[in-house]
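Now for the letters of each chain:
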Amino acid sequence: EDQVTQSPEALRLQEGESSSLNCSYTVSGLRGLFWYRQDPGKGPEFLFTLYSAGEEKEKERLKATLTKKESFLHITAPKPEDSATYLCAVDPQSGTASKLTFGTGTRLQVTL
Amino acid sequence: EPEVTQTPSHQVTQMGQEVILRCVPISNHLYFYWYRQILGQKVEFLVSFYNNEISEKSEIFDDQFSVERPDGSNFTLKIRSTKLEDSAMYFCASRGGASEQYFGPGTRLTVT
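Our subject in this report is the structure included herewith. As the structure is a prediction and not an experimental result, all values here were calculated from the model.

Along the backbone of chain A there are zero helices and eleven strands. Secondary structure elements of chain A occur, N-terminal to C-terminal, as β-β-β-β-β-β-β-β-β-β-β. For chain A, whose C-alpha radius of gyration is 14 Å, the value lies close to the compact-globule estimate of 13 Å for 112 residues. Projected onto the principal axes, the alpha-carbon positions of chain A cover approximately 45 × 30 × 20 Å. By the burial criterion, 49% of the 112 residues in chain A qualify as buried. Across chain A, the fraction of contacts at a sequence separation of at least 24, relative to all contacts at a separation of at least 6, is 55%. For chain A, the exposed area adds up to about 5500 Å²; of that, 46% sits on carbon and sulfur atoms. Across chain A, 13 positive and 15 negative side-chain charges occur, with their mean positions spaced 2 Å apart.

The next point concerns the interface of chain A and chain B. Listed as interface residues are 21 residues of chain A and, on the opposing side, 21 residues of chain B. Both faces combined, the contact of chain A with chain B buries some 1700 Å², and carbon together with sulfur accounts for 55% of it. Area buried by chain A at its contact with chain B is led by Ala 97, Lys 99 and Phe 102 of chain A, which between them contribute 28% of it. Viewed at the interface, chain B and chain A are joined by one salt bridge. In this structure, Lys 99 of chain A and Glu 56 of chain B form a salt bridge, with 3.0 Å as the shortest nitrogen-oxygen distance. Summed over the shared surface of chain A and chain B, the result is eight residue pairs in polar contact (both at pLDDT 80 or more). Of all the elements in the fold, those that place two or more residues in the side of chain A that touches chain B are β4 (30–38) and β5 (45–50) of chain A. In terms of residue count, β4 of chain A provides more of the side of chain A that touches chain B than any other element does, three residues in total.

Calculation notes
Residues numbered from 1 in each chain as written. Chains lettered and ligands numbered in written order. Predicted model: local features only at pLDDT ≥ 70, side-chain atom pairs only at ≥ 80, totals over all residues. Heavy atoms only, no water. Helix = DSSP H or I, 4+ residues; strand = E, 2+ residues; numbered from the N terminus. Rg over C-alpha atoms; globule rule 2.2 N^0.38 Å. Buried < 20%, exposed > 50% of the residue type's maximum accessible area, 1.4 Å probe, protein only. Contact = heavy atoms within 4.5 Å. Areas by Shrake-Rupley, 256 points an atom, 1.4 Å probe, with all protein chains shown as cover. Lys, Arg positive; Asp, Glu negative; His and termini not counted. Charge placed at Lys NZ, Arg CZ, Asp CG, Glu CD. Buried area = accessible area lost by both parts, 1.4 Å probe. Salt bridge = Lys/Arg side-chain N within 4 Å of Asp/Glu carboxyl O. Polar contact = N/O pair within 3.5 Å; in protein donor to acceptor, adjacent residues only side chain to side chain.

Rendered as structure tokens:
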């Protein structure tokens, strides 16, 4: 069974204090690993797709990396507007239309 | 920027009643999905839909659930006889040729 585990569950940072969020996964085959941001009461907002070990993607203060068993979301010099829940999801290499298995997320709070 | 829209934003219904949740996917997308998120829990896959038929469904998607694409723009999820445990946020998502799924803002379903 495909599994995604995210840690920590919650993280509180001061503005400018860089950190990393972890996503470890087990799948029979990986078609893609996705990072989403979710604000309270809203739908997940797409951030990144990673396909193979060693791949990195960047967007503003966020950088996502992938190994064979885990992915990291690095947040550099975060601002209060980065406060949200960050979700990791995997698309296993089975089926035609794909389906996402999500982790429970890391709830990030960035304070002044 | 194109986005997935969902209506209504909040639906309150009594146990045993039928509800229809509506979604307008991004216009040139071909793959459509429903997910749900029970309060405080992870986002869970319900069903994928491609070429006017269900591609895959989860164990949650039992006989009380059905999906339909009644015209060229709408995608609906019907719950025939709602139960208390159906209370959740329901998210529609769509995907084009790339692998990432784009989510709508969700419909909060409350079953009383």
